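Below are the chains, spelled out letter by letter.
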Amino acid sequence: MDQVNLSIDAVEIAATPGTTVLDAALGAGIYIPHLCHHPDLKPAGVCRLCMVEIAGRGTTPACLSPVEEGMVVRTESPEIRDLRRVAAELLILDHRPDCLVCAKNNRCELQRVAAHVGIDAARLARLRRHEKTLPVDDSNPFFTHDPQQCVLCGICVRTCNEIAGVNALDFAFRGFDTMVATFGNDPLVKSRCESCGECVVRCPVGALAAKDFQQPSREVKTICPYCGTGCGLLLGVRGNRIVGVRGDPDSSVNRGILCVKGRFGIDFVNHPDRLSTPLIRDPAGGSRFPGFREASWDEALGLAARSLAAIRNQYGPAAIMGISSSRGTNEESYLFQKFMRAVVGTNNVDNCARVCHSPSVTGLSAVFGSGAATNPLDDIEETEVLFLVGCSPTEAHPVIGMRIQRAIAGNGVRLIVADPRKTRLAQSADPWLPVRPGTNVALLNGLAHVILREGLHDERFIAARTEGFESFAEKVQAYAPDRVAAITGIPAGDIEAAARRYAQADRAMILYGLGVTEHSDGSLGVMGCANLALLTGNVGRKGTGVNPLRGQNNVQGACDMGALPNVLPGYQSLEDEAVRGKFEAAWNCKLPVHKGLKYTEAWHFVRRGRVRAAYIVGHNPALTDPYLQRVEEALAALDFLVVNELFLTKTARLAHVVLPAASFAEKEGTFINADRQVQRVRKAVDPPAGCKTDVDIICELADRMGYAMPARTAADLMDEIAAMVPLMAGIRYPRLEEHPLAWPCLDEKDCGSRMLYEKSFPRGRATFRAIDHAEPAEAPDASYPLILTTGRRLQHYNCGSMTRCTPGLSTLCPEERLEIHPQDAAGLNVREDEMVEVASRRGKIRVRARVTDRCSPGVVFLSFHFEEVPTNALTGDRLDPMACTPEYKVSAVRVAPVEGANVG
Amino acid sequence: MERRLDAILSSFAGQEHELIPILQQVQRELGYLPREAMLEVAQFAGVPESRVYAVATFYAQFRFTPIGRKHVMVCRGTSCHVRGAPRILEEIERQLSIKEGETTPDLSHSLETVACIGACGLSPCIMINNKVEAKLTPKKVAVLLRKAGDDD
C-alpha cells in the first residue's frame, strides 16, 4: 500500500494511510503527550493533551486527525503548551498527588505528561479545591480500583467494551463527581467484571493497579497451561519465582490479551501444597499426607518399576493401563505412549480426550477424513456468520469468547448459538436455539432439512467434492422443522431462521464444544456439524470450516502423539505392517498388534480382574470421570497404581506410588492448541527441589525396566517425533523459536497448514453421513424429572487442582452452585443460596442453589471443578459407541431443598 | 413491579436511543429506578447495564431510592435564600429527622432542595407534591408537616 508523506516538527515521515498523526509521531519517536490514547483502542479524543498544530487547520487533537499527504504538523508552540498545561493541571488537581506511594510510580503516563508539559507546583497548590474522598475498591483479589487516581481517560471503559466485550464499566455521575463505575457502583467482584485485567494493563495511571506488583528481572515466552486456546504468555520471573504474567503481544492466538486464569491463575506453581518428595502408600503415614510416607526417588521408582514388571510378567502387558496427561507436553505424551508400547508392551494407552473430544476425532474423520479443526481461529474475524454449538467460549475459552465479541461489534459478524443455557454469547445471538440437551442431531438434521427444502445448499461444492449426498438428503427429509421443534424444544421459526442465516452467508463457520461431543451420540453430533458445512460449501475457504474448541491446553497434542489405544503417533494405523515395522525398528521392540483399551472401558476390566495396574500422568479421573463411585472403586481395586502429579489429588490419594512432577513453567516442550498450532513451552523457573519433569520420570522408570530411552530431552524427543510422524516431519525446535507451526507440516520447508481441505480431502472426497436422532441414554421421568448438564466456570479449570490452588481464583469463585430456572425453583420450593440435594440414579450431592434464567426450564447446571461437590457422582457412564466418550451432558436428576440445612 | 414494567416496555421497540424516555416512564410509574428495573431495561434496550447506570446517574431527574409519599422540595433560590430558606430547611430536617436528599424510613417524606421554584413573590416557599406552600416560617413548617402527615 502507498505510504502517506507528512512532516512532523520538520521531520519527514512516511505513514500508513488511515493511521493518525499521533500514531505517526509516536511511531517516529516524537513524543506527543497523551492519556486517552491506546494503540489497541479506537481513538476517543477526551484528554485534550495531544493537541497539535496542523498547517491550515489550527490546533486539533492528533489522535483524531488521520494522516494526509503533504500535511505539516507542529507538536510544540506557545499556544499548544498553554492548552496542554491547563488540561494537565485540571487532571492533576483532581488526582491524589502522592506519587511515592502509588503502585504505578515511574510507570505512570500522567507523570510523563507532567514532566513534559512542566507543572508549577505553587500554582497547583493555589488552585487545588477540596479533595474528593472516594473509597478504594479492593474487592477484587488481583487488582484495586482507586477512583482518586483516575484521570477519566476512559481507556478502561473502552477496553472493557472493545477488547473484553464485558461492559462492566462506564462513566457514572457527572461534572466534578464523574467517576468510572460498575452498574450500581457495586464493588468489582459483585459486577459483571470477569477479572481479565485487560483494563489494568492499559490504565495509564494508578487507578487500576495490580496488587502485589513486582518488577520481573526477566521474562520467559511460553504458552498458557489452561484451555485449548493456546494463548501466548510472558512469565515475569525474579530469581526462581514467577512474579507476574503478561499476554504475549506477538502471539497470533491472543495478541497479548489474556483471561483471568491466564493472567492471574499461575500462582499454583508456587503453592505450598505442591508435592516435592515421592510418596509411597503406608498406613502408618509419616509424611504430611496421611496414608503416605516420604521416599527417595530411587526407592519410589524402584518400587514402581518392580511392581509394573511383576504384574506384566504375571498377568501379561494388557493387565496394565496407561493414561497420559492432556496438560503435559507433546514430548511427554509421545514418551509416555512409547513407554506403554515399547517398555510395558501394551496398546492400553489413552488420554483424557477420551472423556471430552474423542468424538471430534471419530466424527470429523468420518466426514472429512481427518479429525482436527479445519480453520485457524483468526477466521472468527473473517467469517460472516458464526454458529456456536454446545460451547460457552466466554466461560471455557475466554480469549476466544472475547474475539467473538469483538468480531460481532467490530466486524459485524452475525452469531447463531445452540445451547440449552442462555450463555453470555447466547444473549448476542440471533437466533439463540435453546436446544434440549441430547437433541443436537435432530437440530442439525433439521437445519439441513430447511437448507435443502429452500434450495440454499451449494450444489457445485457437493458435486465436486463430496459423496454420500443422496442418502443424506433422504435422511434429513424426515426432519421437518415442526418435528424437530417437538424434539428439541426450539420454535420451528427459529430453526428456519438459523438455517437461512447460516446457509445464505458467503462464509459461515461452526465452532463447537463439549455440548456436542459429551453425549451418547457425540460422534453423530460432530458429523451433523460437518454435514452442514459440506452442504453449504463452507469448507476449505477463509472464514468457514468446523472447529472443535478443545478443552485442555494439549488435548490435541496428546491425541496427535498417539496416546490413544487404537493408533500410533500421528494417527498412523496399528494394523499397517509397514507402519508397525517402522516403529519396531526405531524403538527396537515388538509392538502389540491388538488395539488397546479405551480408558473409559478399562474400569470395567479392572472389576473383572483383567486390568491390575495403572500408570496415570496428570489426570484426576476420580473427580472428573462420570459415575465416579465406580471409577473410585476401580482405582482402589488396582493391585498397583502409580501417579505423576503436582498435587495430591483425589486420584493420587488412591495411588501406591505418587511421583512429584514439574509444572508447565518448569520444563521445555510444546503444546498443540485447538487450531493445530504447535507452540513452544519454555522453562521459566526450576522445579521445586525434589520434583522431576515427566520426561525424566518416564525415562528413569524405563531404565529400571531395562529399556534405555535414546531421546531424553524435549528437543531430542521432538526430533524423534518429526522422524516418526509424517504429519509433523517439518517441525523442529529452531523453527518453533520463530513462530508456531500448524500441522500438517510435511518437511522443513513446509510452513504448516493453517487451513485444511482447500483443494482436496485426505480421501479425495468428503463423505456426508446420514445420521439419526436417538433419545439420550437417560430421559427425565417422574422420579428424576430434571436434566442435569455440566460444564465449566470462568475462574476454574477441570478438576480444579491448579485453579483451586490459586487463592485469588478461589476468592472469585469459592464454591459450586446449582443453576436452576426460577420456574423449577418455585415448583420445588428452592430459594437462592439454599442448600439443596441433587440426586440421580447413581448418587447424590449437596450444593447451594443459584436461581437464574440462564438455564432453560427443566434443565439444571453444575460444573465439576469442586471436590466438595463431586458432580460426577451424578453423571452416568453410558458411552458414545464409537468414541467411548461418556454422556456427561444429560443425566436425569431430582432436586430438593435439604431440610434443616437452611436454618439461620 | 414486573407487570408494571412490562406494560411500559411494551410501548417501546427496544432500541438504545429509547433509553431516557424508558427510564423516565419507569420512574413515573415506580417513583424511582430500582436496580431490578434498570437491569430489565438494559436487557430490553440491548445496552450494557453499566451504560444504563451511567445515563441514569448523569441526569439529576433520576433517583435510585424510593420516594416518600410527601415529596418536599425546599426552594433555595436567591429570593427564598435571603428570606430565610436555610432556616426553613433546617426546621424541616429537624422535624423529619432526615437530611436533604433523604427519605424517612417509613417512606412518608422525601426531602430535596431545588434551585428555584419560580414563585419568588411567595418566598420563602416549598413545594409538597406539586403544591406550593408560601411565605413560610419555621413555626408554620411544623404545623404544615404535621398536617401533611395527617393526610395519609
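In this text, all values refer to a predicted model and were calculated from it rather than measured experimentally. (Residues numbered from 1 in each chain as written. Chains lettered and ligands numbered in written order. Predicted model: local features only at pLDDT ≥ 70, side-chain atom pairs only at ≥ 80, totals over all residues. Heavy atoms only, no water.)

Caption draft 1: Here's a closer look at the overall build of chain A. If you tally the helices and strands in chain A, you get 29 helices and 37 strands. On C-alpha atoms alone, chain A measures out to a radius of gyration of 29 Å, which is about the 29 Å that the 2.2 N^0.38 rule sets for 904 residues. With respect to the three principal axes, the spread of C-alpha positions in chain A is 90 × 70 × 70 Å. The buried share among the 904 residues of chain A stands at 63%. Just so you have it, chain A exposes about 32,000 Å², and 51% of that area is on carbon and sulfur atoms. In chain A, the 101 positive side-chain charges and the 106 negative ones have mean positions that sit 2 Å from each other. (Helix = DSSP H or I, 4+ residues; strand = E, 2+ residues; numbered from the N terminus. Rg over C-alpha atoms; globule rule 2.2 N^0.38 Å. Buried < 20%, exposed > 50% of the residue type's maximum accessible area, 1.4 Å probe, protein only. Areas by Shrake-Rupley, 256 points an atom, 1.4 Å probe, with all protein chains shown as cover. Lys, Arg positive; Asp, Glu negative; His and termini not counted. Charge placed at Lys NZ, Arg CZ, Asp CG, Glu CD.)

Caption draft 2: Main features of the domain arrangement of chain A. All names here are of chain A. By domain assignment, chain A separates into domain 1 (4-126), domain 2 (143-270), domain 3 (295-356 + 554-742), domain 4 (358-548) and domain 5 (786-897). The distance between the C-alpha centroids of domain 3 and domain 4 comes to 34 Å. Listed by partner, the interface residues are ten residues for domain 3 and 14 residues for domain 4. Note on domain 3 versus domain 4: buried area summed over both sides is about 870 Å², and carbon and sulfur give 48% of it. Of all residues in domain 3, the largest losses of buried area upon contact with domain 4 belong to Cys-356, Asp-675 and Arg-676, amounting jointly to 51% of the total for that side. Inspection of the domain 3/domain 4 interface yields zero salt bridges. Where domain 3 packs against domain 4, one counts six residue pairs in polar contact (both at pLDDT 80 or more). For the side of domain 3 that touches domain 4, the per-class residue count stands at five nonpolar, two polar and three charged. (Domains from an automatic or database assignment. Contact = heavy atoms within 4.5 Å. Buried area = accessible area lost by both parts, 1.4 Å probe. Salt bridge = Lys/Arg side-chain N within 4 Å of Asp/Glu carboxyl O. Polar contact = N/O pair within 3.5 Å; in protein donor to acceptor, adjacent residues only side chain to side chain. Nonpolar A, V, L, I, M, F, W, Y, C, P; charged D, E, K, R; others polar.)

Caption draft 3: View of the sheet that holds strand E28 (residues 669-672) of chain A. All names here are of chain A. The three strands are arranged E28-E29-E30 in an open sheet whose pairing can be described as antiparallel. Both outer strands of the open sheet, E28 and strand E30 (741-742), are each paired with one neighbouring strand and no more. As defined by bridge partners, strand E29 (residues 677-681) adjoins E30 across two bridges and the pair is classed as antiparallel. The residue bridging Val-678 from the neighbouring strand is Leu-741, located in E30. (Pairing = 2+ DSSP bridges.)

Caption draft 4: Focus on the domain arrangement of chain B. For chain B, the assigned domains read domain 1 (2-58) and domain 2 (70-150). Using only C-alpha atoms to locate each centre, domain 1 of chain B and domain 2 of chain B end up separated by 30 Å.

Caption draft 5: Structural detail: the interface of chain B and chain A. Counting from both sides, the interface comprises 13 residues of chain B and, opposite them, 15 residues of chain A. Of all residues in chain B, the largest losses of buried area upon contact with chain A belong to Glu49(B), Ser50(B) and Tyr53(B), amounting jointly to 40% of the total for that side. Where chain B packs against chain A, one counts three salt bridges. Residues Arg192(A) and Glu49(B) are paired through a salt bridge, measuring 3.2 Å at the closest nitrogen-oxygen approach. Run the count over chain B and chain A and you get six residue pairs in polar contact (both at pLDDT 80 or more). Those elements giving two or more residues to the side of chain B that touches chain A turn out to be helix H3 (35-45) and helix H4 (49-58) of chain B. The element that contributes the greatest number of residues to the side of chain B that touches chain A is H4(B), accounting for seven residues.

Caption draft 6: Structural detail: the pairing of strand E4 (residues 58-61) of chain A. Residue and element names in this part refer to chain A. Bridge count between strand E3 (residues 51-54) and E4: four bridges; the pairing is antiparallel. Its bridge partner lying in E4, Ile-54 is registered against Gly-58. Here E3 hands over to E4 after three residues, with Gly-56 in that stretch at a positive phi of 85°.

Caption draft 7: Summary view of the nonpolar core. Residues and elements named next belong to chain A. Among the nonpolar cores identified, the biggest contains 138 residues, and Phe-339 and Met-728 are the most heavily contacted of them. Look past the residues within four positions of Met-728 in its chain and what remains in contact with it is Met-561, Ile-672, Val-678, Met-718, Ile-721, Ala-722, Trp-743 and Cys-745. Ranked by size, the runner-up nonpolar core spans 58 residues in total, among them Ala-418, Leu-444, Ala-473 and Ala-503. (Core = buried A, V, L, I, M, F, W, Y, C linked by side-chain atoms within 4.5 Å.)

Caption draft 8: Summary view of the confidence of the model for chain B. All names here are of chain B. Taken over all residues, the pLDDT of chain B has a mean of 90, while the share at 70 or more is 96%. For chain B, helix H7 (residues 138-150) is the element with the lowest average pLDDT, namely 76, and H4 is the one with the highest, namely 96. Predicted complex metrics record ipTM = 0.86 and pTM = 0.90. (pLDDT = per-residue confidence, 0-100.)

Caption draft 9: Structural context of H3(B). All names here are of chain B. Those residues of H3 that fall on the buried side of the exposure criterion are Ala-37, Met-38, Val-41, Ala-42 and Ala-45. Relative to the axis of H3, the buried residues are bounded by an arc of 140° and lie together on one face. Each element contacted by the buried residues of H3 is listed here: helix H1 (2-9), helix H2 (19-30) and H4. (Arc of directions from axis to C-beta.)

Caption draft 10: Molecular detail of the sheet that holds strand E1 (residues 70-75) of chain B. Residue and element names in this part refer to chain B. Read from one edge to the other, the open sheet built from four strands follows the order E2-E1-E3-E4, with strand pairing classed as mixed. For this open sheet the edge positions go to strand E2 (109-114) and strand E4 (131-133), each flanked by a neighbour on one side alone. Here the average twist between neighbouring strands, direction ignored, is 25°. Relative to strand E3 (residues 126-128), E1 runs antiparallel, the two being bridged by three bridges. (Axes fitted to C-alpha atoms, helices over the stretch in contact; angles between N-to-C directions.)

Caption draft 11: Examining empty space enclosed by the protein more closely. All names here are of chain A. Scanning the model with the defined rule gives eleven cavities of 30 Å³ or more in all. By volume, the largest cavity amounts to about 570 Å³. In terms of lining residues, the largest cavity is bounded by 37 residues, among which Leu-514, Gly-515, Thr-790, Gly-791 and Lys-889 are the most central. It is strand E32 (residues 786-791) that contributes the most residues to the lining of the largest cavity, three residues altogether. Classifying every residue of the lining of the largest cavity by side-chain character gives 14 nonpolar, 17 polar and six charged. Of the pockets and cavities examined, the second largest cavity occupies roughly 240 Å³. Together, 20 residues line the second largest cavity, and Ser-325, Arg-327, Gly-618, Leu-646 and Ala-662 are the ones closest to its centre. Within the lining of the second largest cavity, the residues separate by chemical class into nine nonpolar, six polar and five charged. (1 Å grid on protein atoms, 1.4 Å probe; cavity = no way out; pocket = protein on both sides within 12 Å on 5 of 7 lines; lining within 4 Å. Points joined across faces, edges and corners; volume = space filled by probe spheres on them.)

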